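# Coordinates in review
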Amino acid sequence: PYLSADDDNTNEIEALNEDSNGNNLSTNWICQLQLLMANLKYAPLSSVDTSGFVSNWKMYGKEAINPNEQQDAVEFLQILLDRLDESIPGRPISKYVRGQIIHTIKQINGDFQSQSYEDFITFTLEVINKKNFNDSFNAFLDPDIFDGDNKYNVEDFGQIDAARYHAIKKAPEILIFQLKRFDFDLSSLTRKKINTEFKVDLEVDISKLLYNKNSSCIYELFGIIEHSGGTEGGHYISFIKSSDIHD
């Protein structure tokens, strides 16, 4: 359910189709996105028309997307955030969902050590042979080992046996997990979808993933995007916790 609105609010939403100078904003994707969000939050409707935004949204180039073709949800999110940041200078929307991972290389039986940083919008979790968040978190914490014929190459130092560890240096205000449901089968050289059960908790504690082990970081679930279908086609369905639900 969404928050109800009176007739005055509905009229105000409809008026968003024009700016202060009376210009038609029906072909402006960001204005149509604002209208869509306003309708979702305030309009007393059981469903909301998304065609205004969809008909003006272009993933690549100048051609509008075909809503009958499957698109990648994570790719769409990244492009949307990039364009919102460009459209609102000085007020980046992505800062609320952007975190940072620190990668630490440690030489095995040696003193060499180095660190690098990687920003992320979505935090990817392995799901093959994983049943819940804790299993996936442990997989993230397992170091990558470089030895034998797969040694780690260090500039001006040569090849070494090393382990690469991962941790979250900066946790975002809003954390988006991406379950790796799609994989590439090397035996058949085809993509496959992993449909095994994965338990999603209403609260998740990522403290064990943090670089600063003395920190505590708990998130509350408020939305899920579910993919129904296979690798070549399907549908995305969103489940969102209503703002007026507290329990």
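Here we summarise the structure given alongside this text. (Residues numbered from 1 in each chain as written. Predicted model: local features only at pLDDT ≥ 70, side-chain atom pairs only at ≥ 80, totals over all residues. Heavy atoms only, no water.)

### Notes on helix 4 (residues 73-87)
Along an α-helix, residues three or four positions apart point the same way, because every turn accommodates 3.6 residues. For helix 4, spanning 15 residues, the distance from its first C-alpha to its last is 21 Å, which sits close to the expected 21 Å at 1.5 Å a residue. Listing the buried residues of helix 4 in full gives Ile79, Leu80, Leu81, Leu84 and Asp85. Measuring from the backbone nitrogen of Val74 back to the side-chain oxygen at the start of helix 4 gives 3.2 Å, which picks out Asp72 as the cap. (Helix = DSSP H or I, 4+ residues; strand = E, 2+ residues; numbered from the N terminus. Expected span 1.5 Å × (residues − 1). Buried < 20%, exposed > 50% of the residue type's maximum accessible area, 1.4 Å probe, protein only. Polar contact = N/O pair within 3.5 Å; in protein donor to acceptor, adjacent residues only side chain to side chain.)

### Section: the nonpolar core
Counting residues in each nonpolar core, the largest one holds 18 residues, and the members touching the most others are Phe123, Phe137, Ile206 and Leu209. For this core, the secondary structure elements donating two or more residues are strand 3 (122-125) and helix 5 (133-141). Excluding residues within four positions of it along the chain, Ile206 makes contact with Phe137, Ile168, Ala171, Leu175, Phe177, Cys217 and Tyr219. In terms of nonpolar packing, the next biggest core, distinct from the first, is built from 12 residues, Trp29, Leu33, Leu36 and Met59 among them. (Core = buried A, V, L, I, M, F, W, Y, C linked by side-chain atoms within 4.5 Å. Contact = heavy atoms within 4.5 Å.)

### Re the packing of helix 2 (residues 29-42) against helix 4
Remark: helix 2 packs on helix 4, axes separated minimally by 11 Å, with the N-to-C direction vectors making an angle of 105°. Taken together, helix 2 and helix 4 sit at an angle that is classed as roughly perpendicular. Contacts between helix 2 and helix 4 involve Trp29, Ile30 and Leu33 on the former and, on the latter, Leu80, Arg83, Leu84 and Ser87. For the contact of helix 2 with helix 4, the per-class residue count stands at five nonpolar, one polar and one charged. (Axes fitted to C-alpha atoms, helices over the stretch in contact; angles between N-to-C directions. Parallel < 35°, antiparallel > 145°, perpendicular 65-115°, else oblique. Nonpolar A, V, L, I, M, F, W, Y, C, P; charged D, E, K, R; others polar.)

### Some points on the environment of Val204
Relative to the helices and strands, Val204 is located in strand 11 (residues 203-205). On the accessibility criterion, Val204 (10% relative accessible area) is buried. Taking the C-alpha atoms as reference points, Val204 and Cys217, separated by 13 residues in sequence, lie 8.5 Å from one another. Excluding anything up to four places from it in sequence, Val204 contacts Phe133, Phe137, Phe177, Cys217, Ile218 and Tyr219.

### Section: the pattern of salt bridges
With the rule as written, the count across this model stands at five salt bridges. Here Lys151 makes a salt bridge to Asp161, at a shortest N to O gap of 2.6 Å. One end of the pair, Lys151, is in the loop between strand 4 (144-146) and strand 5 (152-154); the other, Asp161, is in the loop between strand 6 (158-160) and strand 7 (162-170), with 10 residues separating them in the sequence. For the salt bridge of Lys199 with Asp201, the shortest nitrogen-to-oxygen distance reads 4.0 Å. Under the relative-accessibility criterion, Lys199 is labelled exposed at 53%. (Salt bridge = Lys/Arg side-chain N within 4 Å of Asp/Glu carboxyl O.)

### Topic: the environment of Gly229
Structurally, Gly229 is set in strand 13 (residues 223-229). Along the sequence, Gly229 and Lys193 sit 36 residues apart, while their C-alpha atoms lie 8.9 Å from each other. When neighbours within four sequence positions are excluded, Gly229 is seen to be in contact with Lys193 and Gly234.

### Notes on the pairing of strand 13
If a strand is regular, its side chains alternate between the two faces of the sheet. Where strand 13 lies against strand 14 (residues 234-240), seven bridges are found, and the strand directions are antiparallel. By the bridge assignment, Gly223 is partnered in strand 14 with Ile240. Between strand 13 and strand 14, which follow one another and run antiparallel, lie four residues. (Pairing = 2+ DSSP bridges.)

### Quick look at a nonpolar patch on the surface
On the surface, a cluster of nonpolar side chains totalling about 460 Å² of accessible area is made up of Ile93, Tyr96, Ile174, Phe222 and Ile240. Mapping Phe222 onto the fold places it in the loop between strand 12 (218-220) and strand 13. (Patch = residues over 30% accessible without salt bridge, like charges linked within 9 Å, V, L, I, M, F, W, Y side chains within 5 Å. Areas by Shrake-Rupley, 256 points an atom, 1.4 Å probe, with all protein chains shown as cover.)

### Thoughts on the sheet that holds strand 1 (residues 99-107)
The pairing of strands in a sheet happens through backbone hydrogen bonds and is either parallel or antiparallel. If you walk across this open sheet you meet the four strands as 2-1-7-4, and the pairing is antiparallel. Bordering the open sheet on either side are strand 2 (113-120) and strand 4, each of which pairs with just one other strand. Going across the sheet, the axis of each strand differs from the next one's by a mean of 25°, ignoring polarity. Pairing of strand 1 with strand 7, which is carried by eight bridges, proceeds in the antiparallel orientation. Each residue of the ladder has a partner; that of Lys106, found in strand 7, is Ala163.

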